[in-house]
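# Structural overview for review
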Amino acid sequence: EMAQLAFDAAENEYLDRGKTDKLKSFVAKYPSSRPAALANYYLAEASVAEGNETAALTYVDKALQLAPDGSFAESALAMKGDLLLNKGDYATARECFALLESKTTITSNVNRARLGLLRSAVALNDYDAMQQYASLLLNSESLSEEITAEARYARAVAAMQKGDTTTGVTDLNTLIDSNIN
């Protein structure tokens, strides 16, 4: 089929040279074709790399609309959530990360979803959710020191906001003892 051949050429040019002109032409000419979802995802990736988050959000939305369960869907949901956090749309970001958390079985994506849920909760001053997702992250394996510190600090703030100063101070002391800034 012509659409598949056009997509293959556009995909090769993007993956080999980082060029998006053929991808843009492809999605304009074949907007509902089967490969259009992946083409839109590639365009979202490229837009993020170029710093154009508005375009990235448009492309990732289209990719997820065309293939909500595509091979790239988990990465696309995480990307969309991050873009929405950056935009300040915390409630919608929370929905994306919750969907990612419910769909994925890959530990790194579970942690990415929970970090997004934690950051959304922090932005929304949802102290119960802050404690929940911070604790889930802190019980997880293989977190970076920065994410561990972010989760511990969020949990401390939430605990103190809810009147549990003992837990809050314990988490803050652990941060100080870990020498993590």
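One can find the structure itself at the top, above this paragraph.
As a starting point, this report considers the structure included with it. Just so you know, these numbers come straight off a predicted model, no measurement behind them. (Residues numbered from 1 in each chain as written. Predicted model: local features only at pLDDT ≥ 70, side-chain atom pairs only at ≥ 80, totals over all residues. Heavy atoms only, no water.)

### Topic: the overall build of the chain
Cut-off, in case you're wondering: Every helix listed is a DSSP run of H or I at least four residues long, and every strand listed is a run of E at least two residues long, numbered separately from the N terminus. Each residue gets one of three labels from its accessible area relative to the maximum for its type: buried under 20%, exposed over 50%, partly exposed in between, using a 1.4 Å probe on protein chains only. Contact between two residues is taken to exist if any of their heavy atoms lie within 4.5 Å; hydrogens are not considered. Under the convention used here, Asp and Glu are negative, Lys and Arg are positive, and both His and the chain ends fall outside the count. Positions of charges follow a simple convention, taking NZ of Lys, CZ of Arg, CG of Asp or CD of Glu.
Check the secondary structure of the chain and you find 10 helices and zero strands. For the chain, the sequential pattern of α-helices and β-strands runs α-α-α-α-α-α-α-α-α-α. If one aligns the C-alpha atoms of the chain with their principal axes, the spans along those axes are about 65 × 30 × 30 Å. When the 181 residues of the chain are sorted by exposure, 42% land in the buried category. Of all intrachain contacts in the chain linking residues separated by at least 6 positions in sequence, the fraction that spans at least 24 positions is 45%. Here the chain carries 17 positive and 25 negative side-chain charges, and the mean point of each set is 5 Å from the other.

### Regarding the environment of valine 169
Within the fold, valine 169 resides in helix α10 (residues 165–178). The sequence separation of valine 169 and alanine 149 amounts to 20 residues, and the corresponding C-alpha distance is 14 Å.

### Regarding the packing of helix α8 (residues 127–138) against helix α9 (residues 145–161)
Convention followed: All axes here are fitted lines through C-alpha atoms, helices being fitted over the stretch that makes contact, and every angle between N-to-C directions spans 0 to 180 degrees. In this scheme the crossing of two helices becomes right-handed for a clockwise turn of the near helix relative to the far one and left-handed for an anticlockwise turn of less than a right angle. Residue type decides the class: Asp, Glu, Lys and Arg count as charged, Ala, Val, Leu, Ile, Met, Phe, Trp, Tyr, Cys and Pro as nonpolar, and the leftover types, Gly among them, as polar.
Two elements in contact, α8 and α9, have axes separated by 8 Å at closest approach and are oriented at 145°. As for the relative orientation of α8 and α9, their crossing is left-handed in sense. Where α8 approaches α9, its residues Tyr127, Met130, Gln131, Ala134, Ser135, Leu137 and Leu138 are matched on the opposing element by Thr148, Ala151, Arg152, Ala154, Arg155, Val157, Ala158, Ala159 and Gln161. Looking at the contact of α8 with α9, its residues break down into 10 nonpolar, four polar and two charged.

### Quick notes on the pattern of salt bridges
Note that side chains of opposite charge can pair when their charged atoms are close. Put simply, the rule reads: Each reported salt bridge corresponds to a side-chain nitrogen of Lys or Arg within 4 Å of a carboxyl oxygen of Asp or Glu.
Scanning the entire structure with this criterion turns up 10 salt bridges. Residues lysine 162 and aspartate 128 are paired through a salt bridge, measuring 2.4 Å at the closest nitrogen-oxygen approach. Highlighted residues: lysine 162 in the loop between α9 and α10 and aspartate 128 in helix α8, separated in sequence by 34 residues. A salt bridge links arginine 152 to aspartate 171; the nearest nitrogen and oxygen atoms lie 3.1 Å apart.

### Observations concerning the nonpolar core
Soluble globular proteins: nonpolar side chains tend toward being buried together. For the record, the criterion: Take the buried Ala, Val, Leu, Ile, Met, Phe, Trp, Tyr and Cys residues and link them wherever side-chain atoms come within 4.5 Å; each set so joined is a nonpolar core.
Counting 50 residues, the largest nonpolar core has Leu23, Phe26, Tyr41, Val60, Phe72 and Leu118 as the members making the most contacts within it. Apart from residues lying up to four places away in sequence, phenylalanine 26 is in contact with Ala3, Ala6, Phe7, Pro31, Ser33, Pro35, Ala36 and Ala39.

### Things to note about helix α3 (residues 36–49)
Put simply, the rule is: Multiplying 1.5 Å by the residue count of a helix minus one yields the expected span of that helix.
With 14 residues, α3 extends 20 Å from end C-alpha to end C-alpha; this agrees with the ideal 20 Å at 1.5 Å per step. Burial analysis of α3 places 10 of its 14 residues in the buried class, which makes it a mostly covered element. Looking only at α3, the buried set comprises Ala36, Ala37, Ala39, Asn40, Tyr41, Tyr42, Leu43, Ala44, Ala46 and Ser47. The inward-facing, buried residues of α3 contact α1 (2–17), α2 (21–29), α4 (53–66) and α5 (73–87).

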